[in-house]
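The lines below spell out each chain.
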Amino acid sequence: MNGIELIHGYRQILTTLATGKNPDGTEIADLSPKVRAIFTEAQSTIKEPKNLEYLIRSLDELDWFSHEKDELGNAYEGLLEKNANETKSGAGQYFTPRTLINAMVRCVKPVPGELIQDPAAGTGGFILAADRYIKEHTEELSALTFEEQEFQRLDAYEAVELVPNTRRLALMNCLLHNIEGRGEGVVKLGNSLGNVGESLRSADLILTNPPFGTAKGSGASLTRTDLPYKTTNKQLAFLEHIYRNLKPGGRAAVVFPDNVLFDSGVGRDIRTDLMDKCELHTILRLPTGIFYAAGVQANVLFFNKGRHDNPRQEHHCTDRIWVYDLRTNMPSFGKTSPFGEEHLKAFEQVFGDDPKGAAPRQEGDWAFISHEDEKTEENSRWRCFSREWVKEHNDESLDITWLKDKDLEHDLESVDLQAVLSEAREEASEIKRLMDELTGLLKGIR
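Residues numbered from 1 in each chain as written. Predicted model: local features only at pLDDT ≥ 70, side-chain atom pairs only at ≥ 80, totals over all residues. Heavy atoms only, no water.

### Some details on the pattern of salt bridges
- Taken as a whole and judged by the stated rule, the model has 22 salt bridges.
- We note a salt bridge from Glu77 to Arg98, for which the minimum N-O separation is 2.5 Å. Here Glu77, found in helix α4 (residues 69–86), pairs with Arg98, found in helix α5 (residues 98–108); they are 21 residues apart in sequence, far enough to count as distant. In this structure, Glu77 and Arg98 share a single accessibility class: buried.
- Across the pair Arg327 and Asp258 runs a salt bridge whose closest N-O atoms are separated by 2.8 Å. (Salt bridge = Lys/Arg side-chain N within 4 Å of Asp/Glu carboxyl O. Helix = DSSP H or I, 4+ residues; strand = E, 2+ residues; numbered from the N terminus. Buried < 20%, exposed > 50% of the residue type's maximum accessible area, 1.4 Å probe, protein only.)

Listed below in structure tokens is the structure:
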């Protein structure tokens with residue numbers, strides 16, 4: 001085909017793949033449900049036939065069959081990352097830095113046979129990283145029995161994505177990395193804070209980065225009926241879903257913005273319930289500038305579900321919390337200074353080899369803010385706080401800081417305090433004069 005006929009023919013192909021029907025209305029018997037899901041409501045924005053001809057010709061020149069499927073998947077993943085770094089729209093809104101994802105996966109160490117879940121999948125980064133980790137430790141699954149391989153291929157992963165176009169990217173990403181799932185694939189279209197979330201299976205491991213912002217602004221209505229704490233805060237609702245949806249003994253590593261750590265009211269109640277039902281053993285305070293939205297301050301929470309889950313009984317699973325501050329006195333990250341795996345090495349070192357955070361730990365080890373500073377608790381990025389301390393000093397707030405910001409200290413040192421006080425007195429005097437005038441005017445009106 002060529003010319004306008006090519007444009008119409010291409011659009012018809014998209015419709016055929018999305019509906020599973022030929023132009024004459026007959027069914028395509030062997031079309032995969034996954035392919036149909038990927039092409040659902042797909043549209044072409046190409047209007048010029050010559051552009052489409054050039055694209056087809058360029059693709060046709062590639063020797064596709066000389067490449068492994070994973071190579072194509074890595075290329076696709078690279079395109080998603082490039083898009084995320086270059087724009088705040090499209091994949092950038094749903095793309096967690098792969099450096100961070102890989103470090104989180106290395107800490108929790110997924111194993112074959114586990115049900116691994118992401119209730120806010122985005123482009124599928126956590127599912128891909130967990131699958132890659134398992135394959136690397138099982139000789140590409142060849143060390144497993146046939147039944148175990150089938151479980152990994154079809155049943156090991158479960159994910160949900162709210163936005164149709166983003167789900168399309170996630171499905172394609174999984175398909176190119178040999179992650180099949182059943183039916184339309186491992187990524188369901190829907191809202192984890194709605195009916196779809198209630199239908200999710202209990203998981204051995206949950207890895208996720210729920211979307212920031214309010215439910216009102218995202219189209220993700222909070223309609224869950226099985227969550228006892230009612231909140232309009234989307235992140236708090238996700239946190240409640242995650243720790244309640246873990247199997248007894250299951251573990252989670254999740255990214256949350258700062259407000260989840262310190263919100264009062266129902267936020268405090270949810271954090272208390274989390275620490276009662278789960279062992280919240282580690283918090284990683286992330287630096288700013290590593291997410292698509294400027295100024296976003298976020299953390300990674302690592303926790304394990306208690307072995308017994310009785311909602312009528314408080315278990316007080318959390319006795320102490322280790323906090324790693326990777327934010328204070330860190331460089332500003334962005335396009336010119338990317339956040340890399342080298343910045344997470346010290347944290348992984350102190351986290352230890354146990355996926356549930358049970359490895360021997362020591363405050364300060366490998367984690368001082370600089371070699372020049374005195375090696376004291378106050379200068380260490382890595383500290384431990386008891387549950388009693390959190391309750392007594394922070395009123396169940398988990399927004400725990402202790403390091404002094406050197407830039408802030410420098411700014412304070414450069415301030416002339418006497419001048420500031422003098423200016424404040426002058427302004428207070430001016431405010432009093434205005435108040436006296438206003439009082440006089442009011443008396444005159446009366």
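Okay, back to it.
### What to know about the pairing of strand β6 (residues 278–285)
- In terms of residue burial, β6 counts as a mostly covered element, since seven of its eight residues are buried.
- Direction of pairing for β6 relative to strand β7 (residues 298–305): antiparallel, over a ladder of seven bridges. Considered in β7, the bridge of Ile283 is made with Leu301.
- With four bridges connecting them, β6 and strand β8 (residues 320–325) associate as parallel partners. Residue Leu284 lies in a different strand from β8, and its bridge partner there is Tyr324. (Pairing = 2+ DSSP bridges.)

### Brief notes about unusual backbone geometry
- At Leu141, a residue that is not glycine, the phi angle is positive and equals roughly 75 degrees.
- Relative to the assigned elements, Leu141 resides in the loop between α6 (125–136) and α7 (146–154).
- Here the phi dihedral of Asp395 falls at roughly 50 degrees; this positive angle occurs in a residue that is not glycine.
- The residue Asp395 is located in the loop between α15 (387–394) and α16 (406–413) in this model.

### A short note on the confidence of the model for the protein chain
- In this model, the protein chain carries a mean pLDDT of 86, and residues with pLDDT of at least 70 account for 85%.
- Low pLDDT, under 50, characterises residues 410–415; the stretch is placed with one contact to residues that sit more than four places away or in other chains. (pLDDT = per-residue confidence, 0-100. Contact = heavy atoms within 4.5 Å.)

### Regarding the side chain of Thr272
- Mapping Thr272 onto the fold places it in helix α13 (residues 266–277).
- With relative accessibility at 17%, the residue Thr272 sits in the buried group.
- Leaving out residues up to four positions away in the same chain, Thr272 has contacts with Arg387 and Glu396.

### Description of the sheet that holds strand β4 (residues 203–208)
- Strand order in this open sheet of nine strands is β3-β2-β1-β4-β5-β7-β6-β8-β9, and the pairing throughout is mixed. The strands lining the two open edges of the sheet, one partner per strand, are β3 (187–189) and β9 (382–386). The sheet shows a mean angle of 20 degrees between the axes of neighbouring strands, taken without regard to direction.
- As judged from the seven bridges shared by strand β5 (residues 246–257) and β7, these two strands associate in the antiparallel manner. Paired with Arg251 across the two strands is Asn304, which belongs to β7.
- Across the face of the sheet, α5 comes into contact with β4, β5 and β7 while running at roughly 155 degrees to β5.
- Contacts from α15 reach β8 and β9 within the one sheet, and its direction differs from that of β9 by about 80 degrees. (Axes fitted to C-alpha atoms, helices over the stretch in contact; angles between N-to-C directions.)

### Considering a nonpolar patch on the surface
- A cluster of nonpolar residues, Leu55, Leu59, Leu62, Trp64 and Phe65, forms a patch on the protein surface that exposes about 560 Å² of accessible area.
- Mapped onto the secondary structure, Phe65 falls in the loop between α3 (49–60) and α4.
- By relative accessible area, Phe65 is classed as exposed at 83%. (Patch = residues over 30% accessible without salt bridge, like charges linked within 9 Å, V, L, I, M, F, W, Y side chains within 5 Å. Areas by Shrake-Rupley, 256 points an atom, 1.4 Å probe, with all protein chains shown as cover.)

### Here's the deal with the nonpolar core
- By size, the foremost hydrophobic cluster in this structure holds 51 residues, and its most contacted members are Tyr157, Leu207, Leu284, Leu286, Phe302 and Phe347.
- Counting 32 residues, the second-largest nonpolar core is a separate cluster that includes Phe238, Tyr243, Ile321 and Leu398. (Core = buried A, V, L, I, M, F, W, Y, C linked by side-chain atoms within 4.5 Å.)

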